[in-house]
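# Overview (structure and organization)
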Amino acid sequence: MLTVGVLGCGLMGSGIAQVCAQAGHRTVVREVDEALVEKGLGRIRAFLDAGVARGKTTPAARDATLANLTGTTDVADVADADVVVEAIVENLDAKREMLAALERVVRPDALIASNTSSLCITEMAASMEHPERFLGLHFFSPVPVMKLVEVIRGLATGDDAYRRGMDFAATLGKDPVTAPDRPGFIVNRLLIPYLLDAIRAYESGVGTIEDIDKGMQMGCGHPMGPFTLLDFVGLDTTYYIANIMYEEFRDPQYAAPPLLRRMVAAGRLGRKSGRGFYTY
Ligand code: CAA
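Residues numbered from 1 in each chain as written. Predicted model: local features only at pLDDT ≥ 70, side-chain atom pairs only at ≥ 80, totals over all residues. Heavy atoms only, no water.

## As for the packing of helix H10 (residues 235-249) against helix H11 (residues 258-265)
- Two elements in contact, H10 and H11, have axes separated by 9 Å at closest approach and are oriented at 130°. Relative to H11, the element H10 lies oblique. Here H10 and H11 pass one another in a crossing that is left-handed. Packed against H10, whose contacting residues are Leu235, Asp236, Thr238 and Tyr239, the element H11 presents Leu260, Arg261, Met263 and Val264 at the interface. (Axes fitted to C-alpha atoms, helices over the stretch in contact; angles between N-to-C directions. Helix = DSSP H or I, 4+ residues; strand = E, 2+ residues; numbered from the N terminus. Parallel < 35°, antiparallel > 145°, perpendicular 65-115°, else oblique. Left-handed = near helix turned anticlockwise from the far one by under 90°. Contact = heavy atoms within 4.5 Å.)

## Topic: the site of the ligand
- Of all residues adjacent to the ligand, which total 18 residues, the nearest are Phe47, Arg54, Lys56, Ser141 and Asn188.
- Contact distances for the ligand include 3.3 Å between a nitrogen atom and a backbone N or O atom of Gly51.
- Contacts to the ligand include Lys56, whose side-chain N or O atom sits 2.9 Å from an oxygen atom.
- Within the complex, the protein chains bury 64% of what would otherwise be the 1000 Å² of accessible surface of the ligand.
- At the level of elements, helix H2 (34-53), helix H7 (187-203) and helix H9 (226-233) are the ones that each hand at least two residues to the shell around the ligand.
- In terms of residue class, the shell around the ligand is built from 11 nonpolar, five polar and two charged.
- Each of domain 1 (3-179) and domain 2 (188-272) accounts for three or more of the residues forming the shell around the ligand. (Near = heavy atom within 4 Å. Polar contact = N/O pair within 3.5 Å; in protein donor to acceptor, adjacent residues only side chain to side chain. Areas by Shrake-Rupley, 256 points an atom, 1.4 Å probe, with all protein chains shown as cover. Nonpolar A, V, L, I, M, F, W, Y, C, P; charged D, E, K, R; others polar. Domains from an automatic or database assignment.)

## As for the pairing of strand S7 (residues 148-152)
- Most of S7 is tucked away: four of the five residues are buried.
- By the bridge criterion, four bridges tie strand S6 (residues 134-139) to S7 in an arrangement that is antiparallel. Residue pairing across strands places Gly136 opposite Ile152, the latter belonging to S7.
- Pairing of S7 with strand S8 (residues 175-179) involves five bridges; the strand directions are parallel. Of the residues in S8, the one forming a bridge with Leu148 is Asp175.
- Following the chain from S7 across helix H6 (residues 159-171) to the adjacent parallel S8, one finds a crossover that is right-handed. (Buried < 20%, exposed > 50% of the residue type's maximum accessible area, 1.4 Å probe, protein only. Pairing = 2+ DSSP bridges. Right-handed = clockwise from strand over helix to strand, strands pointing away.)

## Looking at helix H4 (residues 92-105)
- Counted at 1.5 Å a residue, the expected span for H4 with its 14 residues is 20 Å, and the 20 Å between its end C-alpha atoms agrees.
- When H4 is considered as a whole, its buried residues turn out to be Leu92, Lys95, Met98, Leu99, Ala101, Leu102 and Glu103.
- Regarding H4, its N-cap is Asn91, as a side-chain oxygen of that residue lies 3.0 Å from the backbone nitrogen of Asp93 further along. (Expected span 1.5 Å × (residues − 1).)

## A few points about the domain arrangement of the chain
- According to the domain assignment, the chain consists of domain 1 (3-179) and domain 2 (188-272).
- Spacing between the C-alpha centres of domain 1 and domain 2 amounts to 27 Å.
- The interface is formed by eight residues belonging to domain 1 together with five residues belonging to domain 2.
- It is Glu90, Ser117 and Ser118 in domain 1 that bury the most area against domain 2; as a group they hold 56% of the surface buried on that side.
- One can count zero salt bridges joining domain 1 with domain 2.
- Taken together, the residues of the side of domain 1 that touches domain 2 break down into two nonpolar, five polar and one charged. (Buried area = accessible area lost by both parts, 1.4 Å probe. Salt bridge = Lys/Arg side-chain N within 4 Å of Asp/Glu carboxyl O.)

## With respect to the packing of aromatic side chains
- For the structure on display, the rule yields three aromatic pairs.
- Their ring planes at 70° and their centres at 6.0 Å tell us that Tyr202 and Phe227 sit as a pair that is edge-to-face. Taken together, the positions of Tyr202 in helix H7 and Phe227 in helix H9 put the pair 25 residues apart, joining distant regions of the chain.
- Judged by its relative accessible area of 32%, Tyr202 is partly exposed.
- Geometrically, the ring pair formed by Phe249 and Tyr254 is tilted, given 5.5 Å between the ring centres and 40° between the ring planes.
- Exposure remark for Phe249: the relative accessible area of 34% places this residue in the partly exposed category.
- By the ring-pair criterion, three or more aromatic residues cluster together here, those being Tyr202, Phe227 and Phe277. (Phe/Tyr/Trp six-rings, centres within 6.5 Å; stacked < 30°, edge-to-face > 60°.)

## As for the environment of Pro131
- Along the chain, Pro131 turns up in the loop between helix H5 (121-125) and S6.
- Along the backbone, Pro131 and Thr157 are 26 residues apart, and their C-alpha atoms lie at a distance of 6.3 Å.

## Overview of the pairing of strand S1 (residues 3-7)
- Burial analysis of S1 places five of its five residues in the buried class, the great majority of the element.
- Side-chain alternation along S1 places Thr3, Gly5 and Leu7 on one buried face and Val4 and Val6 on a second face that is also buried.
- In the sheet, S1 pairs with strand S2 (residues 26-30) via five bridges, with the strands oriented parallel. If you follow Gly5 over to S2, its bridge partner there is Val28.

What follows is the structure, encoded as structure tokens:
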């Protein structure tokens, strides 16, 4: 059993905190204010309750998970963590500030990971005092369901941190893969151009949104078609990652199609805003 700190209790942070607590790790999850702590913990409770209702978990296992979880607004509460996973907003400056605050309080031997989906691990580590103990651990949504974790080594990540990162992911029941510190790592490197291409296909009249979704779902066995997945991931998130990939590679396959940019501008962000390619 480890002590784990999770910074951020949004969609990803709450999922990460849940799987840590579920694995038996004492887990402290930090958000900026009480309301966000409560919202994040509420999301975890709702997922666990739904799991009980569906017979996926037992009331005892749910209660054991919740007993391993503590919410806080104070970074100092993760001071005795063996592992800290950062899952705050996707903004380099905010993450660097968070890492600096974290390094002031954690033990010298604590492993520090970021769940970034788009930022450069080497760049995040550059302002750290001990970049050798830092790496990327990229989880997938919904975190309690998706088995994959991408383990990303920055230029400064030490061998020990890399091994500990792989081992930690395994303690969570996840199946880790090693991914390069390049925009998109492995999964988004392939997923983002696919999603952008689906929008281009729709824009050029290949089919309706429903038919393109049905095509990929029924024809290729994908659990969701591309537009359902875009709404699920968030159009703003997709746009943000695409722009970072385009910035780095200057390859048109990563360029956001006009419709995506306009939908983000209009606030049609997918499930989170109640409307994306579909209405919720
Ligand atoms: N407790 C326990 N298990 C639960 C659960 C709960 N409350 N809710 C769902 N599950 C599990 C169940 O084990 C279920 O498995 P079974 O088939 O064995 O029952 C599985 O989740 C599927 O659940 P549902 O049947 O309720 O829902 P679904 O079939 O509609 O699937 C989904 C939902 C898992 C989201 C599925 O649609 C899916 O896999 N979609 C694709 C998700 C995806 O691609 N995610 C990656 C996004 S990219 C990303 O995250 C990276 C990034 O950087 C952008």
